[in-house]
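Reading the structure
Here's the letter readout for the chains.
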Amino acid sequence: MARPTVPFRTILHEISQWNHHLVIPLTLAMDLLSESIKGRLLFAIPKKGRLHEKCLEILAGADIQFTRSHRLDVCLVRNHNIALIFLPAADIPRFVGLGNVDLGITGQDVILEAEMEDRVRQVLPLGFGKCNLQVQVPERGTIQSVKDLAGKRVVTSFNKIVKGFFDKVDDQVGLQDDKKTHIEYVGGSVEAACALGLADGIVDLVESGETMRAAGLHAIATVLETEAVLISGVSSNSQSKDPEHGPLATLIANRIAGVLAANKYVICQYNILEEKLPQAKVVTPGRRAPTISPLVNDGERWVAVAVMVEKKVVAKVMDELTQIGAHDVFVVKLENCRV
């Protein structure tokens, strides 16, 4: 019997509403959804948590157009042959590394915890989600170093990374077998473990450190620094069989890089006497070189300069330009770019 043709938008609606009133059988809907994503580049995005909102901003900036139906973790991109798959960040390295999806965004810490560092390629660091995985102990306690903590109880959500870290520490202090550091897993609220008597120290992601200080903890070591990255597979079983996916993945990576650069830089423009241009170039060297255009003037020789400047230093740069004699100094925001 021929399978009925149902528009994808109808499928999404019926799947998202299946527990209220089932119009088409769920198994048929899922089969049709599977057919709809076939042949598309699959791009995994964290479905919630600290990376989710930033990922949505990146997708919007890269002009990846989609509408995500309520409670559905798969959606089609309208303007590219892409399907977005919303997954827990911890699962994305394995899906990418094993070839289930083509691209993904996740944290470097998650890649290491999933033991997928040899199966995925870090295509592009994304500059957000920056944290430190740190060893923290009670501030008023006697433990002052990781060697003091060796052989004691450590609670974490990153068992594999932390075990590897403390295995080396235990070896350094000569601890073996049941004398080694005991690593215990908890899924959340790790910072409460010491106060509750569950641990002598913890290892957790720290961004500002405020949560740890509020819990009476302080850092004695940093296990690793981490940020969000765009990843693809590296092994033979993770390579897409569709020859169009390679160029499309490159296009998406370039677009995302452009969004990141636009968030980092602005265009600074100003007019200055040609004789003062060498001083101005020291202040605004640009990524490669400034763009310089002569100005029509009956008397003195002036030039107009346009140059990319990092947002975080632009106020200081404008002050310095004014001090050396620049005029008409202003800044233009970048929406997107390719650098």
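Residues numbered from 1 in each chain as written. Predicted model: local features only at pLDDT ≥ 70, side-chain atom pairs only at ≥ 80, totals over all residues. Heavy atoms only, no water.

Considering the confidence of the model for the protein chain
Formally: Per-residue confidence from the prediction method is given by pLDDT, with values spanning 0 to 100. Any pair of residues with heavy atoms lying within 4.5 Å of one another is described as a contacting pair.
Taken as a whole, the protein chain shows an average pLDDT of 88; of its residues, 88% reach a score of 70 or greater. Within the model, the stretch residues 1–6 combines pLDDT values under 50 with 8 contacts to residues more than four positions away or in other chains. When the criterion is pLDDT under 50, residues 18–24 qualifies, and its contacts beyond four places in sequence or with other chains add up to 7 contacts.

Observations concerning the sheet that holds strand β7 (residues 153–156)
What counts, and what does not: We call two strands paired when DSSP finds no fewer than two bridges between them. Secondary structure is summarised from DSSP: a helix means a run of H or I of at least four residues, a strand means a run of E of at least two, and numbering begins at the N terminus for each. The convention used is that axes are lines fitted to C-alpha atoms, helices contributing only their stretch in contact, and that angles between N-to-C directions extend from 0 to 180 degrees.
Taken in spatial order, the 5 strands make up an open sheet running β8-β7-β9-β6-β10, and their pairing is mixed. Either end of the sheet is taken by a strand with one partner, and the two such strands are β8 (182–185) and β10 (217–226). Going from strand to strand, the sheet's axes swing by 25 degrees on average, the running direction of each strand aside. Seen against the sheet, helix α7 (residues 159–173) touches β6 (131–138), β7, β8, β9 (201–206) and β10 and runs at an angle of roughly 170 degrees to β8.

Thoughts on helix α3 (residues 52–61)
Filter applied, for reference: Throughout this description, buried means an accessible area under 20% of the type-specific maximum (1.4 Å probe, protein chains only), exposed means over 50%, and partly exposed covers the range between. To obtain the arc, one takes the directions from the helix axis to the C-beta atoms.
If you check which residues of α3 are buried, you get His52, Cys55, Ile58 and Leu59. Take α3 and look down its axis: the buried residues cluster within an arc of 120 degrees, on one side only. Away from its buried face, by an angle of more than 90 degrees, α3 presents the exposed residues Glu53 and Ala60. Lining the buried residues of α3 we find β1 (41–46), β3 (82–87), β4 (103–107) and α9 (245–264).

Looking at the side chain of Glu113
So the rule is basically this: Under this rule, positive means Lys or Arg and negative means Asp or Glu; His and the chain ends count for nothing. Salt bridges, as used here, are contacts in which a Lys or Arg side-chain nitrogen is within 4 Å of a carboxyl oxygen on Asp or Glu. Pairs of N or O atoms within 3.5 Å make up the polar contacts considered here, provided that, within protein, one atom can donate a hydrogen while the other can accept it, and that residues adjacent in sequence are counted only when both atoms are side-chain atoms.
Relative to the helices and strands, Glu113 is located in helix α5 (residues 108–113). Look at Glu113: it is buried, it has no salt bridge, and the nearest opposite charge is Lys160 at 5.8 Å. A distance of 3.0 Å separates a polar side-chain atom of Glu113 from the backbone nitrogen of Ile161. Sequence-distant contacts of Glu113, that is, excluding residues within four places in its chain, are made with Ser157, Phe158, Asn159, Lys160 and Ile161.

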